[in-house]
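# Observations on the model geometry
Chain by chain, the residues:
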Amino acid sequence: MTAPAHAEARVSAFGTDAKRLTTEIAKVIVGNREIVEGVFTCLLAGGHALLEGVPGLGKTMLVRTMARTMDLHFSRVQFTPDLMPADILGTTVVSEDAHGKKTFEFRRGPLFAHMVLADEINRATPKTQSALLEAMQEQSVTVAKETYPLEPPFVVLATQNPIEMEGTYPLPEAQLDRFLLKLHVRFPDSQELHAILDRTTGAAEPDVEKVLSRERLLEMRGVVREVAVARPVQEYVVQILQGTHPDTASAPEPTKKFVRFGASPRGAQAVLLAAKVRALLGGRFAASSADVRECVKPALRHRIILNFEGEAEGVTTDQVIDDVLARVSEAKG
Amino acid sequence: MATGIDRQVARVAARVRARRALETFARLAVLALAFALVAVLLQKLGRISGLGGWLVVAGVVPVVGAVIAAARPVARTLAAKILDLKFETHDRATSAVDFEGTAERTEFMEAHLRDAEARAKEVDPAAAVPIRTPRDVVPALVMASLVVGLTFVAFPRERTAGRDSRLTPIEVHTEELEAYREYVRDLVARAEEQPSGPLQEAAEAANRLLEDLAARQIDRQEALRRLGELQDRFLRGREPSAEDLQKALRAMGDELRRSNLTKEMGQKLQEPNLDEARAEAQKLAQALRDKRPESREALEKAREALERAARETPEDTRERIEELRRQMEEERESLLKKKQPEKNGNEDAEERLLKRRQRELERLEREQQMNENLRRQLERLRRQMDDAAETMNRSPEESAEAMEAMAEALNQLANDGEAQEQLARLLERMSDLGEMLRRQRGQGQGQKQKRAGQLGKFFKLAKGGMPVVAPGRQGHLGENGEQGDGQQRGPEGAGEQGQVLQLGEGNDGLMMPMPGMGMPGQGQSQGSEQMGQGIGTAHDPRMGDPTAMRSQRETVQVQGTPNEDGASRSQVIMGAADQGFASGGYRRVYTEYRRVMEEDMDLQDIPPGVRGHLRDYMDLIRPQE
């Protein structure tokens, strides 16, 4: 098989598996196709997702369903204000064997799973939120000077209520930057509501099958990294990223006026990885500017820090990104 | 690279260049037509002559712009992007162009190129870059209609009647031309009072030429041709200058004074006063006719005197002129040789010197020609004298007739003298006019405008207008305020007692301040625009040491008496000038001044029409013998 044919086969298989997965998930999750794709993108790109929405929109259900379809070890942590770091990382306890010998033993916390649902993450204190930092970035946990690697794929899917709600602690910028995508879970429309009611209030609850093994998922992650990116497309990403920085000459006026800090280079990585996944889902071998454009908001919206004026004016980071996209030409690269 | 995509991208690039060329052409066409519209308008208003060059520029600019726009390359990635955006192919073409230039392609890149090649047939460059009618076509058509429409509109214009449209009229400054016209009109009027053949013809020809120039009915070539014709025609017919004629007459007068019978006539010739000399000749003729001469001896002496006077010729003058001409010719050749190899900083000075030598050579040639005329005219007088001398030994009737013929020759000489002087000046003025027209030929529009501005300023000053005040040096207020840039009049000077001559009639008499008098000096201080009224006492270092003013004089007021028979102011001045300022010192000073004036006329931008006035002035104050 020639190289192009081999690539075509891999891309084709990737598309088939992705379609099977989304079809299976759609049995349980009504609508929110972009959310499903976003979470799947994070899984394939090796990143973490932050889902934001009011309670009751099916965020937890989505994550749980996804874990079930992929035969992954799933754990769920409900973040509360009194949750301590040891509660999620694990702790060292004294254990005694049959001979009465006592030893220190590390009891793994819920973080040791393939897919961790950090539910309502912004209800926990910053201290506990920060406990996730090392795990999300280094894929490992260090307790009592002992480092414990996390088995891949390790994906944190965090949900949070809108920060304006009472009893929430905004996530620190450093932690926000660890999330590949931030997805807004929207309220379902009337048709979707009917479907939700039909499926959840009847006698038979929908069930899902495992359609992807853990190994296949890791293999698919490898395919994502091989997707080609032309220099003009990459230049487009760079231009967008620079457009979010108020200090750059090419930044549009809203950026200069309302943004305090622009997106980090990690944001550009996130955009490009997500664009690659989108290209594969579209059956293509190279990411395009259109893919980039689709991924910019989820990948950058949580990485842009507005200044006081922006906050006071009620400007959202999505609006800032819209302005940047409107001013950066695809053809420039 | 996938050949299909490559071809499609190339087609897109070609269409982009074509569309860019069309749009550039249309945009520049609007500007060019606006330019043409202005040119046609200016031509209609008579501000410019000839539209050819303007229209060529208007036509060439859009074409050149379109060619440049078409020649500018289009980046392949840009052309590919146009295809991708039009057909939403997810950057297949753009990425393919990029991957084609990648040295190490991954299998995904190869797969992408194959995918792009497969999709190449689905894209259509014509649809991606349609060749549309440029937006600027409508304004361009409107402008073109305006240009065409304007060409059919007739505009009223000054001085256009009868002008040949094929000619390119000369732009001559009105004031400058008016100086010539005024002079020639005056000359025509005087020539009509005393019809004198060549002068009248020359004046009328010059007048016609100047009127045609003023009416813009002739071009430069025609004007120069007519000037040349005027010079050729009348230079040949020119008679000797008054100076040379007087010199010859004095020599004759010297001889005639040796006889009692011809003594009076000789004195009058020496003055020279040809009218009175003629009267004396007529008196002698009458005496001969009346058989009144006392003795045979007296008649013999008169015959000898007439014979000797008849032998006097201006040969020395001719030889002098020939020698000068030869020297000038040698100097001119030397300058021409020197000019060829050398290209240094003195080039301008040498060029000016060469031109001056050329003009002097021409003047000498004219003088030589005049000398021939002088010889011819004096020959006639000599023949008459010779006849008179011969007839002295015959009958008194024959002697009287011969003497009357000589008187008539003298009369003719007297009449011609003034006319020839006028003709000489007229030809000199026409020569200046020719020089001005030749200078204009090498000037661009900007230079002409600049010159027009300078001339306007010059004539304003000449008419007593106030110049722009320039910072000047602090003047020496009082006796010796230096003449220069400033305008502030110095206070009354405390000079030595001098003399004021009042010339002319009654209160209209001209006050002539003489050296040594206490007149206000002309100050230099800036700020005031009041003109100085006194004479300047500064000294040009080129003229050697200043003249010492040590004379003690007293003021004398000469009251003129109103009298219809009295001389006019100009006649009085002429008369004073004719009396001469004869001294060796004055001749030396005059020569220096004349030289400096000629140099300044070469170096400074003095209008040719004014140069005649300067030369007239210098002629008036020339040293008389």
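Read on for an overview of the structure. (Residues numbered from 1 in each chain as written. Chains lettered and ligands numbered in written order. Predicted model: local features only at pLDDT ≥ 70, side-chain atom pairs only at ≥ 80, totals over all residues. Heavy atoms only, no water.)

This paragraph deals with the overall build of chain B. Within chain B, the secondary structure is distributed over 21 helices and two strands. For chain B, the proportion of contacts with a sequence separation of at least 24, taken over those separated by at least 6, is 76%. As displayed, chain B offers around 34800 Å² of accessible surface, 50% of which is attributable to carbon and sulfur atoms. (Helix = DSSP H or I, 4+ residues; strand = E, 2+ residues; numbered from the N terminus. Contact = heavy atoms within 4.5 Å. Areas by Shrake-Rupley, 256 points an atom, 1.4 Å probe, with all protein chains shown as cover.)

Right, let's get into the sheet that holds strand β5 (residues 115-119) of chain A. Residues and elements named next belong to chain A. Taken in spatial order, the five strands line up as β2-β5-β8-β1-β9 in an open sheet, and their pairing is parallel. Strands at the two margins of the open sheet, each flanked by one partner only, are β2 (74-78) and β9 (179-184). Taken pair by pair, the neighbouring strands of this sheet meet at an average axis angle of 15 degrees, ignoring direction. Two strands pair when backbone bridges link them, and β5 and strand β8 (residues 155-160) are joined in this way by four bridges, in the parallel orientation. What sits directly across from Ala118, in β8, is Ala158. Across the sheet, helix α2 (residues 33-45) is in contact with β1 (48-52), β5, β8 and β9; its angle to β9 comes to roughly 175 degrees. (Pairing = 2+ DSSP bridges. Axes fitted to C-alpha atoms, helices over the stretch in contact; angles between N-to-C directions.)

Mapped onto the fold, Asp115(B) is located in helix α5 (residues 107-119). Those residues within four positions of Asp115(B) in sequence are excluded, and the remaining contacts are Phe285(A) and Arg92(B).

So, about the packing of helix α1 (residues 3-44) of chain B against helix α3 (residues 76-87) of chain B. Residue and element names in this part refer to chain B. Running from amino to carboxyl end, α1 crosses α3 at an angle of 95 degrees, the nearest separation of the two axes being 8 Å. When the axes of α1 and α3 are compared, the pair comes out roughly perpendicular. Packed against α1, whose contacting residues are Asp6, Gln8, Val9, Val12, Ala13 and Val16, the element α3 presents Arg76, Ala79, Ala80, Ile82 and Leu83 at the interface. In terms of residue class, the contact of α1 with α3 is made up of eight nonpolar, one polar and two charged. (Parallel < 35°, antiparallel > 145°, perpendicular 65-115°, else oblique. Nonpolar A, V, L, I, M, F, W, Y, C, P; charged D, E, K, R; others polar.)

Residue and element names in this part refer to chain A. β1 sits mainly inside the fold: five of its five residues count as buried. Looking at chain direction, β1 and β9 are connected through five bridges and run parallel. By the bridge assignment for β9, Leu50 is matched with Lys182. (Buried < 20%, exposed > 50% of the residue type's maximum accessible area, 1.4 Å probe, protein only.)

On to the interface of chain A and chain B, then. Of the residues lining the interface, 29 residues belong to chain A; the matching set on chain B comes to 19 residues. Counting each side, the surface lost to burial between chain A and chain B is near 1800 Å², with a carbon and sulfur contribution of 64%. Across the contact surface, chain A and chain B share two salt bridges. As a salt-bridge pair, Arg10(A) and Glu107(B) come within 2.9 Å of each other at their nearest N and O atoms. Of all elements in the fold, only α1 (3-25), α8 (214-226), β10 (228-229), α9 (231-243), β12 (286-287) and α12 (289-300) of chain A reach the threshold of two or more residues within the side of chain A that touches chain B. (Buried area = accessible area lost by both parts, 1.4 Å probe. Salt bridge = Lys/Arg side-chain N within 4 Å of Asp/Glu carboxyl O.)

With that out of the way, let us pick up the pattern of salt bridges. All names here are of chain A. Enumeration over the complete set of coordinates arrives at 39 salt bridges over all chains. Note that Lys27 is salt-bridged to Glu24, the shortest N-O span being 2.8 Å. Lys27 sits in the partly exposed class, given a relative accessible area of 35%. When salt bridges with common partners are traced through the structure, they connect Asp17, Arg20, Arg216 and Glu219 into a single cluster.

The subject of this paragraph is a nonpolar patch on the surface. A contiguous nonpolar patch, built from Val56(B), Val60(B), Val64(B) and Ile68(B) and spanning about 330 Å² of accessible area, is present on the exposed surface. Within the fold, Ile68(B) resides in helix α2 (residues 52-71). (Patch = residues over 30% accessible without salt bridge, like charges linked within 9 Å, V, L, I, M, F, W, Y side chains within 5 Å.)

Residues and elements named next belong to chain B. Locating Arg181 in the fold gives a position in helix α8 (residues 174-193). Judged by its relative accessible area of 16%, Arg181 is buried. For Arg181, the side chain forms a polar contact with the side chain of Glu211, separated by 2.9 Å. Apart from residues no more than four positions distant in its own chain, Arg181 is found in contact with Leu210, Glu211 and Ala214. (Polar contact = N/O pair within 3.5 Å; in protein donor to acceptor, adjacent residues only side chain to side chain.)

A word on unusual backbone geometry. In this structure, Pro153(A) follows Pro152(A) across a cis peptide bond, with omega equal to -5 degrees. Its location among the elements puts Pro153(A) in the loop between β7 (146-149) and β8. Its identity as a non-glycine residue notwithstanding, Glu88(B) has a phi of 50 degrees, on the positive side. The exposure class of Glu88(B) is exposed, given its relative accessible area of 67%. Of note in the backbone geometry, Asp91(B) takes a positive phi value of approximately 55 degrees without being a glycine. Here Asp91(B) lies in the loop between α3 and α4 (92-100). A relative accessible area of 4% means that Asp91(B) is categorised as buried.

Our focus in this paragraph is the packing of aromatic side chains. All names here are of chain A. Counted under the stated rule, the structure contains five aromatic pairs over all chains. For the pair Phe112 and Tyr148, a centre-to-centre distance of 6.4 Å together with 75 degrees between the ring planes defines the contact as edge-to-face. Remark: Tyr148 occurs in strand β7 and Phe112 occurs in the loop between β4 (102-108) and β5; sequence separation between them is 36 residues. Aromatic ring contacts, followed pair by pair, group Phe106, Phe112 and Tyr148 into a single cluster. (Phe/Tyr/Trp six-rings, centres within 6.5 Å; stacked < 30°, edge-to-face > 60°.)

Residue and element names in this part refer to chain B. Its place among the elements puts Gln270 in helix α12 (residues 263-270). Between the C-alpha atom of Gln270 and that of Ala248, which follows or precedes it by 22 residues, the distance is 9.2 Å. The residues contacting Gln270, other than those within four sequence positions of it, are Arg250, Gly253, Asp254 and Arg257.

This part takes up the packing of α1(A) against α5(B). Packing of α1(A) against α5(B) leaves a shortest axis separation of 8 Å and a crossing angle of 90 degrees. Between α1(A) and α5(B), the crossing angle belongs to the class labelled roughly perpendicular. Where α1(A) approaches α5(B), its residues Ala3(A), Pro4(A), Ala5(A), His6(A), Ala7(A), Glu8(A), Arg10(A) and Val11(A) are matched on the opposing element by Glu107(B), Phe108(B), Glu110(B), Ala111(B) and Arg114(B). A class-by-class count of the residues in the contact of α1(A) with α5(B) yields seven nonpolar, one polar and five charged.

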